[in-house]
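An overview of the molecular structure
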Amino acid sequence: MYKFVSGGVCAAKGFRAAGIHCGIRAGKTKKDLALIVSDCPANAAAVYTTNLVKGAPIYVTKKNLENGKASAVVCNSGIANTCNANGIEMAQAMCNITADALGISAEDVIVASTGVIGMPIDITPIRNGMPSLVKSLSYNGSPDAEAAIMTTDTVPKEFAAVASINGKDVSIGGIAKGSGMINPNMATMLSFITTDASVEPDVLQGLIKSAADQTFNRVSVDGDTSTNDTLAIMANGMSGVKIEEGTAAYAQFAECLNAVCTQLARTLAKDGEGATKLIECRVSGAPCKKSALMIADSIINSPLVKTAMFGEDANWGRILCAIGYAGAEIDINLTDVDLVSDGGRIAVCRNGAGVGCDEDLALKILKCDEIVIDVNLNQGEEKANAWGCDLSYDYVKINGDYRT
């Protein structure tokens, strides 16, 4: 139904991107200001963090997207512009500067920031850097934009896919940042998605919310929900393909969008601060969807499960413990658990009890950098996935002096 391609946010027709160092961050090399621009006005939608403490850019972006339209995304890294007395003013100034440079309305700009919370943001380097940023815009500029939104990320997060819909190619591309302070229900991450499909704003909102629920909202690194999380999508219609609810085209588009978001979400989890392993929890046989989600999230968030994965210790009792306090109404005595990786598969629990596993095989499985915790509740047909990472010594090192 779709195939992955290169190009990130520039894979879709009519999108340019750029990223530069303007001086927000210390040093002279790390890019800290990103721009994504559509060649024509686009429909747009977004979802945001559930944290009651929200970054100022979220309030400005929400207001700008009330009409469901956008032509550009501007984002800085290094300072989150959160909990600042003049935060709204600074976020609005970023929109105004971007709009003036592009010759568009400030209301057509999506603005985002990421970095240290509580530090004031200086608009001067953004204003001074904007001419260079606009001049750098390119149909191959997605990697530069991605580099400019990264903070503690160690690898870029950029994916795109193409689907043939109604006889024409429709492209969806995205970039994301996020490595720590990540917890389900929109957590510390920014992601910007572009598509050349034509999608009305209300339909686009439903699509991006559904995609978030199935992907980004299933990711946890450390249990902390951040303040600036934004997942935004722009659809400029340049493919000539219209996406309407209840059609085969809608189902194809949703599948492709979810595929791009899944890849971005998995990469976020694998790049967790200090992480050495990607952990995927697959829960099946649940009596209801809610129970499956609760259990998957509980396992992924458990510090004891995460440290066991880091230590390559098949301590399956910690998994059962996390299932038990998840709050789901299930019979633990029917539950099976397997550990799976490229190293093989091993049963560690059947009917809620240990089965005496081969420790050598378990170690071989847990030495791999991607591990699946496969839980079958044997109590229904519902299922859910969640993604996380192990918890290493480096997580404390990274976050112990993050600000200083």
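1. Quick word on the packing of aromatic side chains
To describe a pair of aromatic rings, one takes the distance between the centres and the angle between the planes. Following the criterion strictly, the structure yields two aromatic pairs and no others. Look at Y2 and F4: their rings are 5.7 Å apart centre to centre, the planes differ by 80°, and that puts the pair in the edge-to-face class. Given the relative accessible area of 32%, Y2 is considered partly exposed. The class for F4 is partly exposed, based on a relative accessible area of 41%. Ring centres of F310 and Y393 lie 5.1 Å apart, and the angle between their planes is 85°; this geometry places the pair in the edge-to-face category. Here Y393 lies in helix α11 (residues 393-400) and F310 lies in helix α8 (residues 303-310), a separation of 83 residues in the sequence.

2. Points about helix α4 (residues 142-149)
Those residues of α4 lying buried are S142, A145, E146, A148 and I149. Down the axis of α4, the buried side of the element spans an arc of 160°, and every buried residue falls inside it.

3. Some points on the pattern of salt bridges
Across all of its chains, the model carries 18 salt bridges by this definition. A salt bridge links R16 to D39; the shortest N-O distance between them is 3.3 Å. With R16 in strand β2 (residues 15-20) and D39 in strand β3 (residues 33-48), this residue pair connects regions lying 23 residues apart in the sequence. Look at R16 and you get partly exposed, because its relative accessible area is 25%. Across the pair K209 and D213 runs a salt bridge, and its minimum N-O distance is 2.7 Å. Within this pair, K209 and its partner D213 are both found in helix α5 (residues 201-214), separated by four residues, close to a single helical turn.

4. What to know about the sheet that holds strand β13 (residues 336-341)
Sheet architecture is open: six strands sit in the order β15-β14-β13-β16-β12-β17, paired in mixed fashion. The open sheet has two edge strands with one neighbour each: β15 (353-354) and β17 (382-389). Pairing between β13 and strand β14 (residues 344-350): five bridges, direction antiparallel. The residue of β14 that forms the bridge with V337 is C349. Contacts from helix α6 (residues 248-270) reach β12 (278-286), β16 (370-376) and β17 within the one sheet, and its direction differs from that of β17 by about 45°.

5. Some words on a nonpolar patch on the surface
A cluster of nonpolar side chains, contributed by M1, Y2 and F4, occupies part of the molecular surface with about 310 Å² of accessible area. Residue placement: M1 occurs in the segment before β1 (2-5). Taking the relative accessible area as the measure of exposure, M1 reaches 58% and is therefore exposed.

6. Let's talk about the pairing of β13
Taken across its six residues, β13 has six buried, putting it largely inside the fold. Side-chain alternation along β13 places D336, D338 and V340 on one buried face and V337, L339 and S341 on a second face that is also buried. Between the antiparallel neighbours β13 and β14 lie two residues.

7. Let's talk about the nonpolar core
Counting 38 residues, the largest nonpolar core has I193, V199, F253 and L257 as its most contacted members. Breaking this core down by element, the ones donating at least two residues are β3, β6 (157-165), β7 (168-177), α5, β10 (230-235) and α6. Top contributing element to this core by residue count: α6, with eleven residues. If sequence neighbours within four positions are ignored, F253 has contacts with I165, V170, I172, T195, A197, V199, L207 and I243.

8. Observations concerning the side chain of N258
Within the element layout of this structure, N258 appears in helix α6. The contacts of N258, once residues within four sequence positions are left out, are A211, Q214 and T215.

9. Brief notes about the side chain of T114
As for its position among the elements, T114 is in strand β5 (residues 109-116). The exposure class assigned to T114 is buried, which follows from its relative accessible area of 8%. Setting aside chain neighbours within four positions, we find T114 in contact with N76, S77, G78, I79, A80, I149, T151, K177 and L190.

10. Quick look at the packing of helix α2 (residues 87-102) against helix α3 (residues 124-135)
Running from amino to carboxyl end, α2 crosses α3 at an angle of 35°, the nearest separation of the two axes being 10 Å. Every pair of crossing elements has a handedness; the one defined by α2 and α3 is right-handed. Contacts from M94, I97, T98, A101 and L102 of α2 reach α3 at I126, R127, M130 and V134.

11. What about the environment of N51?
Structurally, the position occupied by N51 is in the loop between β3 and α1 (56-64). The exposure class assigned to N51 is partly exposed, which follows from its relative accessible area of 21%. Note: C-alpha distance between N51 and D229 (178 residues apart in sequence) is 9.0 Å.

Parameters and conventions
Sequence positions are assigned chain by chain, starting from 1 and proceeding in written order. This being a predicted model, a pLDDT of at least 70 is required before a residue's local features are given, and a value of 80 or more before pairs of side-chain atoms are given or counted; all residues contribute to the totals for chains, interfaces and linings. Computation of side-chain values: all heavy atoms of the structure, hydrogens and water removed. What counts as a ring pair is set by centres within 6.5 Å for rings of Phe, Tyr and Trp (its six-membered ring), and what kind of pair is set by the plane angle: stacked under 30 degrees, edge-to-face over 60, tilted for all other angles. Burial classes follow relative accessibility: with a 1.4 Å probe on protein chains only, a residue under 20% of its type's maximum area counts as buried, one over 50% as exposed, and anything between as partly exposed. Each helix corresponds to a stretch of at least 4 residues labelled H or I by DSSP, and each strand to a stretch of at least 2 residues labelled E; elements are numbered beginning at the N terminus. Of all possible arcs, the one meant is that of the directions from the helix axis to the C-beta atoms. By salt bridge we mean one thing: a side-chain nitrogen of Lys or Arg within 4 Å of a carboxyl oxygen of Asp or Glu. At least two bridges found by DSSP between two strands are what make those strands a pair. Only heavy atoms matter for contacts: two residues are in contact if any of them lie within 4.5 Å across the pair. Geometry is summarised by axes, namely lines fitted to C-alpha atoms with helices restricted to the contacting stretch, and by angles between N-to-C directions that run from 0 to 180 degrees. Patch definition: residues above 30% relative accessible area lacking any salt bridge, with like charges linked at up to 9 Å and the nonpolar side chains Val, Leu, Ile, Met, Phe, Trp and Tyr linked at up to 5 Å. Calculation of accessible area relied on Shrake-Rupley with a 1.4 Å probe; when residues are assessed, cover is drawn exclusively from the protein chains displayed. Among the buried residues, those of types Ala, Val, Leu, Ile, Met, Phe, Trp, Tyr and Cys that are joined through side-chain atoms within 4.5 Å form a nonpolar core. In this scheme the crossing of two helices becomes right-handed for a clockwise turn of the near helix relative to the far one and left-handed for an anticlockwise turn of less than a right angle.

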